[in-house]
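Single-letter residue listing:
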Amino acid sequence: MTSYNQDIRWKQRFENLQAAHRTLKQSVEANSKTPNNMLIQMALIKSFEMTFELSWKTMKDYLVYNGIDVKLPRDVIKQAFANELIADGQVWIDMLEERNLMAHTYDEAQALKAVEHICNRYLDCMEELSQFFKQKNAL
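Everything quoted here is computed from the prediction, not taken from an experiment.

(A) Representation of the pattern of salt bridges within the structure. The tally for this structure, following the rule as stated, stands at 10 salt bridges. One connected set of salt bridges, linked through shared partners, spans Arg9, Arg13 and Asp61.

What follows is the structure, given as structure tokens:
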């Protein structure tokens, strides 16, 4: 694959990430207005999962474009932290673990904890990543 195609790939993935990120922000806002609505909470968790998937894959594509070959989400997160794409690698590892847990099991108490983490910890980190890519995309 040429670097031109890799360049396009991370930018195309970033467009999808921006759309998912907007949906996540809308879900967080809806949850703040109606905090005990299970359907909204489920939508928030699902939009988090989608946004997280696109986040790590966009980071992966960007790293590959810059000559860093990574494949697995945990390795992508470590390299993204080492290369200053993200400021808090541990929060991203926490996101990965929470996403894995929510994708494979459903427990109401765990879901409520995930909603709290998404709203109070993860959304800000995802916003920082989005800002990073907006700056890079503008260059």
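This is not the end of the story, as more comes after the structure.
(B) Quick look at the environment of Val70. Mapped onto the fold, Val70 is located in the loop between α2 (38–65) and α3 (73–82). By relative accessible area, Val70 is classed as buried at 7%. Residues Val70 and Lys60, spaced 10 residues apart in sequence, show a C-alpha to C-alpha distance of 6.5 Å. Setting aside residues up to four positions removed in sequence, Val70 forms contacts with Lys60, Leu63, Val64, Asp75, Val76 and Gln79.

(C) Seen up close, helix α4 (residues 89–104). Between the first and last C-alpha of α4 there are 23 Å, a value that for 16 residues agrees with the 22 Å anticipated at 1.5 Å per step. Here α4 has its buried residues at Gly89, Val91, Trp92, Ile93, Asp94, Met95, Leu96, Glu98, Arg99 and Met102. Looking at the buried side of α4, the elements it contacts are α2, α3 and α5 (108–138). With a side-chain oxygen lying 3.2 Å from the backbone nitrogen of Gln90, the N-terminal cap of α4 falls on Asp88.

Cut-off values and rules
- Residues numbered from 1 in each chain as written.
- Predicted model: local features only at pLDDT ≥ 70, side-chain atom pairs only at ≥ 80, totals over all residues.
- Heavy atoms only, no water.
- Salt bridge = Lys/Arg side-chain N within 4 Å of Asp/Glu carboxyl O.
- Helix = DSSP H or I, 4+ residues; strand = E, 2+ residues; numbered from the N terminus.
- Buried < 20%, exposed > 50% of the residue type's maximum accessible area, 1.4 Å probe, protein only.
- Contact = heavy atoms within 4.5 Å.
- Expected span 1.5 Å × (residues − 1).
- Polar contact = N/O pair within 3.5 Å; in protein donor to acceptor, adjacent residues only side chain to side chain.

Spatial relationships are all this shows, so hold off on functional conclusions.
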